[in-house]
Amino acid sequence: LSAAVFTPFLGSLGDALGRKRVLMITLALTTAGSVLAAVSAALPLVLVGRVLQGMGFAAMPLAIGIVRSIFPPERVPSSLALLSALTGIGAGAGLLISGALVKAGMSAQGMFWISAAATAIGLLGVIVLIRLPERVNGFHVDIWGLLTLGGGLVCLVLGINRGPSWGWGSATVLGLFAGGLAL
């Protein structure tokens, strides 16, 4: 849910404040979310950590924007293809490795520490390797638009996610879809 809400918001912030700057903030908050989830025993704090981790999904659109800004136009398609392939390979490898680690007895906290380390390495790479002139464009945050979009996305994603278990025809799921469409 947080990925669905934060991705368009952080993408817009990247356009206004600079993609590298917003990517660094996103990765820092994602790392902080992993650490919070790793050290917390209380469910509400773990949930806050997971919400912050969900912000990490905005990294891909920000990275695509950075590639478009850095590379010459003729290299953009192959660079985006490589970025997409590496993302897919990383996700697949992550699932396999995490499955093996869980089978070997690693705790959820240990998995969160691994996630924090990987994201921190990514943050360091962005800081050191990406050279991008950052300009701040004038912008205004439309709070009501943000809340409307965020609420609509939460309703639609939650309805899709819970439809199989709550029943596609249940009043709750239909209400979520209606609310999402209205928002």
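Residues numbered from 1 in each chain as written. Predicted model: local features only at pLDDT ≥ 70, side-chain atom pairs only at ≥ 80, totals over all residues. Heavy atoms only, no water.

Account for helix α8 (residues 171–182), naming residues and giving values.
Taking 1.5 Å per residue, twelve residues should reach 16 Å; α8 reaches 16 Å between its end C-alpha atoms and fits that length. Where α8 is concerned, the buried positions are V173, L176 and G180. When α8 is viewed along its axis, its buried side chains cluster within an angular range of 60° and face the same direction. Across from the buried face of α8, at angles greater than 90 degrees, the exposed residues are A171, L181 and A182. Residues of α8 that are buried in the fold lie against α7 (143–166). (Helix = DSSP H or I, 4+ residues; strand = E, 2+ residues; numbered from the N terminus. Expected span 1.5 Å × (residues − 1). Buried < 20%, exposed > 50% of the residue type's maximum accessible area, 1.4 Å probe, protein only. Arc of directions from axis to C-beta. Contact = heavy atoms within 4.5 Å.)

Tell me what's going on with helix α1 (residues 2–17), and back it up with residues and numbers.
With 16 residues, α1 ought to run about 22 Å at 1.5 Å a step, and its terminal C-alpha atoms sit 21 Å apart, in line with that. Taken as a whole, α1 has its buried residues at S2, A3, L10, L13, G14 and A16. Seen from one end, α1 has its buried residues packed into an arc of 160°, which puts them on one side. Check the buried side of α1 and you find it contacts α2 (19–39), α3 (43–54) and α4 (59–70). Directly beyond the C-terminal end of α1, a positive phi value near 110° is found at G18.

An account of the packing of α2 against α4 is needed here, citing residue identities and associated values.
Interaxial distance between α2 and α4 falls to 9 Å at its minimum, and their mutual angle equals 155°. Relative to α4, the element α2 lies roughly antiparallel. The crossing of α2 and α4 is left-handed. Of the residues in α4, those in contact with R19, K20, V22, L23, T26 and L27 of α2 are A59, L62, G65, I66 and S69. Grouping the amino acids of the contact of α2 with α4 by side-chain chemistry returns six nonpolar, three polar and two charged. (Axes fitted to C-alpha atoms, helices over the stretch in contact; angles between N-to-C directions. Parallel < 35°, antiparallel > 145°, perpendicular 65-115°, else oblique. Left-handed = near helix turned anticlockwise from the far one by under 90°. Nonpolar A, V, L, I, M, F, W, Y, C, P; charged D, E, K, R; others polar.)

Describe the packing of aromatic side chains, with residues and values.
In the structure shown here, the tally under the stated rule is one aromatic pair. Centre to centre, the rings of W168 and F177 are 6.3 Å apart; their planes meet at 10°, and the pair counts as stacked. Among the residues examined, W168 registers a relative accessible area of 46% and is labelled partly exposed. Using a relative accessible area of 21% as the deciding quantity, one classes F177 as partly exposed. (Phe/Tyr/Trp six-rings, centres within 6.5 Å; stacked < 30°, edge-to-face > 60°.)

So what about the pattern of salt bridges? Which residues, and what values?
Within the structure shown, the criterion is met by one salt bridge. Between R19 and D15 there is a salt bridge, and its shortest N-O distance comes to 2.9 Å. Its relative accessible area of 26% is what places R19 among the partly exposed residues. (Salt bridge = Lys/Arg side-chain N within 4 Å of Asp/Glu carboxyl O.)

Could you give an account of the nonpolar core, naming the residues involved and the relevant values?
A general trend in soluble globular proteins is that nonpolar side chains are found buried together. The biggest cluster of nonpolar side chains holds 14 residues, and the ones touching the most others in it are L10, V22, L23, L27, I66, V126 and I130. Excluding anything up to four places from it in sequence, L27 contacts A59, T119, G122, L123 and V126. (Core = buried A, V, L, I, M, F, W, Y, C linked by side-chain atoms within 4.5 Å.)

Can you explain the environment of S98? Please cite residues and give values.
Tracing the backbone through its elements, the reader meets S98 in helix α5 (residues 76–103). Sequence separation between S98 and F139 is 41 residues; the distance between their C-alpha atoms is 41 Å.

Describe a nonpolar patch on the surface, naming the residues involved and giving the relevant values.
Side chains of L124, I127, V128 and L129 sit close together on the surface and give an oily, nonpolar patch of about 400 Å² of accessible area. Within the element layout of this structure, L129 appears in helix α6 (residues 108–129). (Patch = residues over 30% accessible without salt bridge, like charges linked within 9 Å, V, L, I, M, F, W, Y side chains within 5 Å. Areas by Shrake-Rupley, 256 points an atom, 1.4 Å probe, with all protein chains shown as cover.)

With reference to specific residues and values, describe the environment of R131.
By the secondary structure assignment, R131 is in the loop between α6 and α7. Along the sequence, R131 and G14 sit 117 residues apart, while their C-alpha atoms lie 15 Å from each other. Here R131 is in contact with K20 and I70, once residues within four sequence places are set aside. A distance of 3.1 Å separates a polar atom in the side chain of R131 from the backbone oxygen of V128. (Polar contact = N/O pair within 3.5 Å; in protein donor to acceptor, adjacent residues only side chain to side chain.)

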